[in-house]
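What follows is each chain in one-letter form.
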Amino acid sequence: MEPAPELLFYVNGRQVIERNADPEMMLLPYLRKKLRLTGTKYGCGGGGCGACTVMISRHNPTTKKIRHYPASACLIPICSLHGAAVTTVEGIGSTKTRIHPVQERIAKCHGTQCGFCTPGMVMSIYTLLRNHPEPTMDQLTDALGGNLCRCTGYRPIIDACKTFCKSSGCCQSKENGICCLDQGINGLPEFEEGNKTSPKLFSEEEFLPLDPTQELIFPPELMIMAEKQPQKTRVFGGERMTWISPVTLQGLLEAKFKYPQAPVVMGNTSVGPEVKFKGVFHPVIISPDRIEELSVVNHAHDELTLGAGLSLAQVKNILADVVQKLPEEKTQIYRALLKHLGTLAGSQIRNMASLGGHVMSRHLDSDLNPLLAVGNCTLNLLSKDGERQIPLNEQFFSKCPDADLKPQEILISVSIPYSRKWEFVSAFRQAQRQQNALAIVNSGMRVFFGEGDGVIRELSIFYGGVGATTVCAKNSCQKLIGRPWNEEMLDTACRLVLDEVWLPGSAPGGKVEFKRTLIVSFLFKFYLEVSQILKRMDPVHYPSLADEYESALEDLHSRHHWNTIKYQNVDPEQLPGDPVGHPIMHLSGVKHATGEAIYCDDMPAVDRELFLTFVTSSRAHAKIVSIDLSEALNMPGVVDIVTAEHLSGVNSFLFYSKPEKFLATDKVFCVGHLVCAVIADSEVQAKRAAKRVKIIYQDLEPLILTIEEAIQHNSFFKPERKLEYGNVDEAFKVVDQILEGEIYMGGQEHFYMETQSMLVVPKGEDQEMDVYVSTQFPKYIQDIVASTLKLPANKVMCHVRRVGGAFGGKVIKTGVMAAVTAFAANKHGRAVRCILERGEDMLITGGRHPYLGKYKAGFMNDGRILALDMEHYSNGGATLDESLFVIELGILKMDNAYKFPNLRCQGWVCKTNLPSNTAFRGFGFPQAGLITESCITEVAAKCGLSPEKVRTINMYKDLDQTPYKQEINAKNLIQCWTECMAMSSYSLRKEAVEKFNKENYWKKKGLAIVPLKFPVGFGSVAAGQAAALVHIYLDGSVLVTHGGIEMGQGVHTKMIQGL
Ligand SMILES: Cc1cc2nc3c(=O)[nH]c(=O)nc-3n(C[C@H](O)[C@H](O)[C@H](O)COP(=O)(O)OP(=O)(O)OC[C@H]3O[C@@H](n4cnc5c(N)ncnc54)[C@H](O)[C@@H]3O)c2cc1C
Ligand code: FES
Ligand code: FES
């Protein structure tokens, strides 16, 4: 028998050889667990967050070029890496050797807070610099498009990266010959504030220079391997899956003939997420490696043929080159494709995903397929039986057998025809943000007039996001052929298309009305775009567009990040050694940037460590009829399954007077309710076994999901909260006007980049436990674990070095999970780790409370609000958690910056069948503040005054008293408000906005200024207290132990500044 091939690749300049490569193993866990390179982080596991970004480098023996590209390690099967060099954040610099300029600058420019996203950011920028040592701002923002940060905000990160650009610190835009450095924003003069502010938080002169000659070289061994090694199909056999990597076209066809059902994995950005999130399993995978025929770029006299194996990033570069070289009339389709390639996913995914994989996936929201279809593209196929071509059309999208690939066929390339004179193609897309977000609706549209008479000869319209796959408005297009391009035609087109591309009210993904609006809006924009070009081409025959329409044509560009920020200077009298007030960088900043900062799951495995995973309810409100654990318990590696029965007597913990239950007993109250916990030798085994736990449910009534349903069923957590000041009812009798209104706002996911993580280690003596956990509230974790194990608190040591983001979401549910994990650890006397995957995390934990606010305001015609009666309803979910706290603080903060002389505000927490909502940034204020501010905006409208005027009129004045009878001196508030107005040139900007809105029918700008008064700490003084223990050692070093948790705010840095 032939020996199994070796998988050989390099990581950070070191050779890695795997003799038993597992095809199911992705690069991310391989780096983290096997190579112990924990700098590369897990944030989502699905290519969406960029935390796992690494640089992949490959040598092309034909072109002799090395390609460096960013990639998401979570979606790279290690078997696909043969011959590649992987660079991780550890490979570019460390505090032990030298830090890389990217690492230094992101830290020194304050581009890190919790630091969990930072290694990914660093690697995206590092890869950009490997390809472009002096990037432009466009390249920079493009490179960061696939990286999310939940703490820092992107400005300081961009600031750091801008220092590598040629002319940094400037918008680099020369629109109208004016750049941001030449004048104030919007051409408005800036407020001069003397010398109290400093423009910079860092000094560029101190930075290490970027020296490209110092970077790791591409391993010569891999170069020789690529050039000289005999080409042979590699086969890796895993426990459940076989990976076949043919290296010649012949080998690929043979493999596909032998395994017709096996997917052809290229970038794995479509197959990978299906396997991970939808439980799809492929026993065999075929993954071609460096087959030249799949990378062809062929220019014929009337079309361009692109190999199916080219990455979307390569396609983008090729098309950018083609549109430069060919006349505009031939490149209509290429231009449209380029527009969408600029926003499709992030740079990592575009560099991994292939053209063939994209076309073949036929995702309903594919950005390219609608354009390729309107462009009459052809798919060139090959199998052992020979070549054939099929059109990329609606039958292909709906997988009609006659129009689809046969199972043994391979897509070799895609031919994209040149456009003709009088032919126009447009691309439209609406997503929640420009980059790295799937389109809600997208579209490709093409019209061909044949000649300059403006009569439609061909029309083709495809939409994405509105059906199970890309759909065609074929009948509508046919009916419009022969019609002149005018408003009458547009009118008919809109009606026909809306009829044909019909969306039922219950369409998956919802947003039906919005999608219908987009369907028509895109058509309207297409009409305008084409009309404008026709006018340009033949001004005599085509009328000018009405001025008011023109504003619909310009795309909304997100401008480069340029801004004016003023920082307060430290008092010049302050002693030089006194660091208070100085912008000191986060003390862990450099470690964040080098990947050396240790988070919970970065800790190495403890001897005989177990992994715990939760089984959760799939029903929102149901009785548990039975739980069958037998099959799961018999799975390999499974050690135990903990249920509520095992926790008898300790299955709950008292928080805020209501017990929080850990595991469900006889009923479940939300989807994601914890039912039991599977403990196994490894994460994979625990997850596989969890799927075999069989639970039979019986649905229960009522099912309450919304605030309205809770009000209807009188389903509330007690007690209701109420704040009353003055005499509201009397005041309503004397006011000029009364208005009543309501506002609803939805919830929000915390999406801390580090998911819920914990490791509980029994110390083996006196039942002592070490709990390593990502939490904001270690004291609570200590209490809940001690109570569950029936131990005094002093036996439980809770360690939190740092937290990769929390935002309120790492307290109560974290405690519940830590309690169950500790129970398992104690029972088996072994360390137990529990790390949630992103999907589990979002399922199990709640987020920000959705709110319904009702208000009745009594006010005078001059804008003074004399009486305010408010009701706040929050959707608390299935258990109380911190909901009463949140609603209470919302009520206490609802006055914001205003004195309402007569005020009543009541609050109810609705009990519903959703995962329990909890604390979230702002702790009730964002919702309460929004209700108050929208009431004020309405009052302003009724009085015919500007909202800022009504805000000023009602603001606290000098010495005053809040509704909860706290004295307040509003001097700072008023000064801050006045300064902001002046420094932002508010009134000038407002005039500019009003002028813009008058001149633009379709695009509108808005401007608002809102004050914010935010109290520090909790309602009770006791809850805000803290202590610290300071040790001073004989060598003069100092150790401060304090109760603050480092979760990005830099509390340790501040402690040291304060010392
Ligand atoms: C985080 C993220 C964000 C995304 N955002 C967007 C977005 O904004 N817009 C958008 O349009 N798309 C988006 N996508 C989807 C992405 O474009 C597709 O996943 C990608 O193009 C698929 O290419 P691939 O090479 O990775 O396919 P793979 O996963 O490798 O393969 C996909 C399928 O294609 C088949 N296949 C591949 N090549 C061939 C071939 N040569 N012959 C026959 N069959 C073949 C395989 O059998 C498999 O069934 C996103 C994906 C991710 C993960
Ligand atoms: S992109 Fe890989 S973990 Fe999010
Ligand atoms: S610093 Fe970016 S996620 Fe925390």
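Overview of the structure. (Residues numbered from 1 in each chain as written. Chains lettered and ligands numbered in written order. Predicted model: local features only at pLDDT ≥ 70, side-chain atom pairs only at ≥ 80, totals over all residues. Heavy atoms only, no water.)

On to the environment of I781, then. Looking at where I781 falls in the secondary structure, it is placed in helix α25 (residues 778-788). Once the C-alpha coordinates of I781 and A439 are considered, the two residues, 342 residues apart in sequence, prove to be 41 Å apart. Aside from chain neighbours lying at most four places away, what touches I781 is V771, V773, T775, C798, V811, T814, G815 and A818. (Helix = DSSP H or I, 4+ residues; strand = E, 2+ residues; numbered from the N terminus. Contact = heavy atoms within 4.5 Å.)

This brings us to the site of ligand 1. In the vicinity of ligand 1 lie 33 residues, with M266, T269, V271, S354 and D367 positioned nearest. At 2.6 Å, a side-chain N or O of T269 approaches an oxygen atom of ligand 1. Contact with the protein chains covers 90% of the free accessible surface of ligand 1, which is 990 Å². Secondary-structure elements contributing two or more residues to the shell around ligand 1 are α13 (355-361) and β14 (410-417). In terms of residue count, the dominant contributor to the shell around ligand 1 is α13 (5 residues). (Near = heavy atom within 4 Å. Polar contact = N/O pair within 3.5 Å; in protein donor to acceptor, adjacent residues only side chain to side chain. Areas by Shrake-Rupley, 256 points an atom, 1.4 Å probe, with all protein chains shown as cover.)

Our next topic: a negative patch on the surface. On the surface, D547, E548, E550 and E554 cluster together to form a negatively charged patch. Looking at where D547 falls in the secondary structure, it is placed in helix α19 (residues 547-550). (Patch = residues over 30% accessible without salt bridge, like charges linked within 9 Å, V, L, I, M, F, W, Y side chains within 5 Å. Salt bridge = Lys/Arg side-chain N within 4 Å of Asp/Glu carboxyl O. Lys, Arg positive; Asp, Glu negative; His and termini not counted. Charge placed at Lys NZ, Arg CZ, Asp CG, Glu CD.)

Turning next to the nonpolar core. Grouped together as the largest cluster of nonpolar side chains are 75 residues, with contacts concentrated most on L27 and I56. Contact partners of I56, with chain neighbours within four places excluded, come to L27, R67, H68, Y69, A71, I76, L81, A84, A85 and V86. Judged by nonpolar contacts, the second largest core, of 47 residues, contains I679, V811, F823 and L836. (Core = buried A, V, L, I, M, F, W, Y, C linked by side-chain atoms within 4.5 Å. Buried < 20%, exposed > 50% of the residue type's maximum accessible area, 1.4 Å probe, protein only.)

This next bit is on the pairing of β14. Within β14, 7 of the 8 residues are buried, which leaves the element mostly enclosed by the surrounding structure. Pairing of strand β11 (residues 303-307) with β14, which is carried by 5 bridges, proceeds in the antiparallel orientation. Bridge pairing links T305 to S415 in β14. Pairing analysis gives 5 bridges linking strand β12 (residues 378-383) to β14, with the strands arranged antiparallel. Opposite L379, over in β14, you have V414 as the bridge partner. (Pairing = 2+ DSSP bridges.)

Turning to unusual backbone geometry, a few remarks are in order. The bulk of non-glycine residues show a negative phi, and the bulk of peptide bonds are trans. Going from E701 to P702, the amide bond is cis rather than trans, its omega being -10 degrees. Locating P702 in the fold gives a position in the loop between β27 (694-699) and α23 (707-712). For the peptide bond that leads from K718 to P719, omega is -5 degrees, which places it in the cis range. Among the secondary structure elements, P719 is positioned in strand β28 (residues 716-725). Within the chain, K790 stands out as a residue other than glycine whose phi angle is a positive 55 degrees. For K790, the location among the structural elements is in the loop between α25 and β32 (796-799). Residue class for K790 comes out exposed when judged on its relative accessible area of 65%. Phi is positive for K965, which is not a glycine, with a value near 65 degrees. Turning to its location among the elements, K965 is positioned in the loop between β37 (959-961) and β38 (967-969). On the basis of relative accessibility, which here comes to 57%, the residue K965 falls in the exposed class.

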